[in-house]
Amino acid sequence: MLMRLLKSFKTRFSTAIELIVALWRGPYWWLVPLLCILLPTAVVFIFLQAVPVVAPFVYSVF
């Protein structure tokens, strides 16, 4: 059960995992502050789209 869950997690988030590994190993340390700002912002926008009252305003931002 746990192995199946981990495998599912790996297939779903493989791009994000590759990005984190590249940031960790490569010379892309300057992207870390950018991701620390953009990722929480994206998560907030995703959750705000679920609220019917706020959704039209979130769509107008994009």
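Just above sits the structure.
Quick notes on the rules
- Numbering of residues starts from 1 in every chain and runs along the sequence as written.
- Per-residue local features of the predicted model are confined to residues with pLDDT of at least 70, and side-chain atom pairs are confined, for both listing and counting, to 80 or more; whole-chain, interface and lining totals are unaffected and use all residues.
- For the side-chain quantities, the full set of heavy atoms in the structure was used; hydrogens and water were omitted.
- Helix and strand assignments come from DSSP, with helices taken as H or I runs of at least 4 residues and strands as E runs of at least 2, each series counted from the N terminus.
- Only C-alpha atoms enter the radius of gyration, while the globule expectation follows 2.2 Å times N to the 0.38, with N the number of residues.
- Each residue is placed in one exposure class: buried if its accessible area under a 1.4 Å probe, protein chains only, is under 20% of its type's maximum, exposed if it is over 50%, and partly exposed if it falls in between.
- The method behind every accessible area is Shrake-Rupley, applied with a 1.4 Å probe, and residues are considered shielded solely by the protein chains displayed.
- Of the two site types, the cavity is a set of points on a 1 Å grid over the protein atoms alone where a 1.4 Å probe fits but cannot get out, and the pocket is an open set with protein on both sides within 12 Å along at least five of seven lines, each lined by residues with an atom within 4 Å of a point.
- Grid points are joined across faces, edges and corners, and a volume is the space filled by probe spheres set on the points.
- Patch construction takes residues with relative accessible area above 30% that form no salt bridge. Like charges are linked within 9 Å, and nonpolar side chains (Val, Leu, Ile, Met, Phe, Trp, Tyr) are linked within 5 Å.
- The term salt bridge refers to a side-chain nitrogen of Lys or Arg lying within 4 Å of a carboxyl oxygen of Asp or Glu.

Q: Account for the overall build of the protein chain, with residues named and values stated.
A: Of regular secondary structure, the protein chain possesses four helices and zero strands. Secondary structure of the protein chain in N-to-C order comes out as α-α-α-α. Compactness check: the protein chain gives a C-alpha radius of gyration of 16 Å against a globular reference of 11 Å for 62 residues, more than 25% above the reference. Along the longest, intermediate and shortest principal axes, the C-alpha atoms of the protein chain span 40 × 40 × 15 Å. A buried classification covers 6% of the 62 residues belonging to the protein chain. Here the protein chain displays about 5,900 Å² of accessible surface, and carbon together with sulfur accounts for 77% of that area.

Q: Go over the layout of surface pockets, please, and point to the residues and values.
A: Its volume calculated, the largest pocket comes out at about 180 Å³. Taken together, Ala-16, Leu-19, Ile-20, Leu-23, Trp-24, Val-32, Leu-35, Cys-36 and Leu-39 form the lining of the largest pocket. Mapped by element, the contributors of at least two residues to the lining of the largest pocket are helix H2 (14–25) and helix H3 (31–48). In terms of residue count, H2 provides more of the lining of the largest pocket than any other element does, five residues in total.

Q: Help me get a handle on a nonpolar patch on the surface, residues and values and all.
A: The grouping of Leu-2, Met-3, Leu-5 and Leu-6 at the surface amounts to a nonpolar patch, some 460 Å² of accessible area in total. Positionally, Leu-2 belongs in helix H1 (residues 2–12). Relative accessible area serves as the criterion here: at 56%, Leu-2 is assigned to the exposed category.

By themselves, these are just geometric observations and shouldn't be taken as functional.
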